[in-house]
Amino acid sequence: LAKTTQPISMDSYEGQEVNITCSHNNIATNDYITWYQQFPSQGPRFIIQGYKTKVTNEVASLFIPADRKSSTLSLPRVSLSDTAVYYCLVVRQTGANNLFFGTGTRLTVIP
Amino acid sequence: DVKVTQSSRYLVKRTGEKVFLECVQDMDHENMFWYRQDPGLGLRLIYFSYDVKMKEKGDIPEGYSVSREKKERFSLILESASTNQTSMYLCASSLGGQGIDTQYFGPGTRLTVL
């Protein structure tokens, strides 16, 4: 599975839009891009998943360009409760879903 | 909602002890996973199971074994605990069949080996 690269940390003020970019140069045709969120002292939680173009749900949007070598998680109008570690993963469509979690991006939302 | 529970939030054991970490999921999921999480290293997969009595090694299986006698329960066993196994252990489950299925995580067990 393709490894991912994302910034180690980011700071943002409350109410701002936050964009976290992830690089996955070796993504394969049947791979999907998935993001998880982890709060302190909790297990990771699924946020959003996509294959190409744009996906939006009640929590976030995911933008994937045509070459799929990168993706951007967009969190609209963050609040203090969005302070967490965000993981970008590449997952294969079929087969045993052995997830590879990197070190993630630690987002700190400042009042 | 899917619920994944782990037997303990905090555990302190001594070097050489045999340690059992239990995980239970209530959504009839096929797949179950054990990860450990360490600062600077992210989450690393230890073992996973895609069916009862089936198991596959993950990235770091050394020093661990697993047991899945029932579909809802997946146990991680440290045969002889060592200090380098001090870590946060996370269990997860997924519906199965598709690699893109969401993984649902438990709250984690913070294990300290003295």
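Residues numbered from 1 in each chain as written. Chains lettered and ligands numbered in written order. Predicted model: local features only at pLDDT ≥ 70, side-chain atom pairs only at ≥ 80, totals over all residues. Heavy atoms only, no water.

**Student:** What exactly am I supposed to notice about the overall build of chain B here?
**Tutor:** If you tally the helices and strands in chain B, you get 0 helices and 11 strands. Across its three principal directions, the C-alpha atoms of chain B cover 40 × 30 × 25 Å. Counting the 114 residues in chain B, one finds 50% classified as buried. Sequence separation of 24 or more characterises 56% of the internal contacts of chain B that already satisfy a separation of 6 or more. Taken as a whole, chain B presents about 5500 Å² of accessible surface, with 50% of it coming from carbon and sulfur. Here chain B carries 15 positive and 15 negative side-chain charges, and the mean point of each set is 7 Å from the other. (Helix = DSSP H or I, 4+ residues; strand = E, 2+ residues; numbered from the N terminus. Buried < 20%, exposed > 50% of the residue type's maximum accessible area, 1.4 Å probe, protein only. Contact = heavy atoms within 4.5 Å. Areas by Shrake-Rupley, 256 points an atom, 1.4 Å probe, with all protein chains shown as cover. Lys, Arg positive; Asp, Glu negative; His and termini not counted. Charge placed at Lys NZ, Arg CZ, Asp CG, Glu CD.)

**Student:** Just checking my understanding: could you explain the pairing of strand β11 (residues 109–113) of chain B for this structure?
**Tutor:** Taken residue by residue, a regular strand's side chains alternate between the two faces of the sheet. Residues and elements named next belong to chain B. Alternating positions in β11 separate cleanly, T109, L111 and V113 being buried on one face and R110 and T112 remaining unburied on the opposite face. When strand β2 (residues 10–13) meets β11, the two strands line up parallel, connected through 4 bridges. Within β11, the position partnered with K13 by the bridge is V113. Alignment of strand β9 (residues 87–94) against β11, held across 3 bridges, turns out to be antiparallel. From the neighbouring strand, S87 faces β11, where its bridge partner is L111. (Pairing = 2+ DSSP bridges.)

**Student:** Honestly, the environment of B:K13 in this entry has me stumped. Any pointers?
**Tutor:** Residue and element names in this part refer to chain B. Tracing the backbone through its elements, the reader meets K13 in strand β2. Taking the C-alpha atoms as reference points, K13 and R36, separated by 23 residues in sequence, lie 17 Å from one another. Apart from the residues lying within four places of it in its own chain, the contact partners of K13 are V19, L111, T112, V113 and L114.

**Student:** Just to check I follow, could you spell out the pairing of strand β2 (residues 18–23) of chain A for this structure?
**Tutor:** Residues and elements named next belong to chain A. Only one face of β2 is buried, namely the one carrying V18, I20 and C22, since none of N19, T21 and S23 on the opposite face is buried. Sheet topology note: the β2/strand β7 (residues 70–75) ladder contains 6 bridges and is antiparallel. Opposite V18, over in β7, you have L75 as the bridge partner.

**Student:** Hey, could you run me through the state of the cysteines in this one?
**Tutor:** Joining two cysteines, a disulfide is a covalent bond between their sulfur atoms. All names here are of chain A. All told, the structure shown has 2 disulfides over all chains when counted by the stated rule. Here C22 connects covalently by a disulfide to C88, the sulfurs 2.1 Å from one another. As the torsion about the S-S bond is roughly -85°, the C22-C88 disulfide counts as left-handed. With C22 in strand β2 and C88 in strand β8 (residues 84–92), the pair connects residues that are 66 residues apart, well separated along the chain. (Disulfide = S-S within 2.5 Å.)

**Student:** Which parts of the structure should I look at to understand the sheet that holds strand β1 (residues 9–13) of chain A?
**Tutor:** Paired through backbone hydrogen bonds, the strands of a sheet run either parallel or antiparallel to each other. Residue and element names in this part refer to chain A. Read across the open sheet, the 5 strands follow the order β1-β9-β8-β3-β4; overall the sheet is mixed. Both outer strands of the open sheet, β1 and β4 (45–50), are each paired with one neighbouring strand and no more. Along the sheet, successive strands turn relative to each other by an average axial angle of 25°, direction set aside. Bridging between β8 and strand β9 (residues 105–110) involves 3 bridges; their strand directions are antiparallel. In the strand pairing of β9, A84 is matched with L107. (Axes fitted to C-alpha atoms, helices over the stretch in contact; angles between N-to-C directions.)

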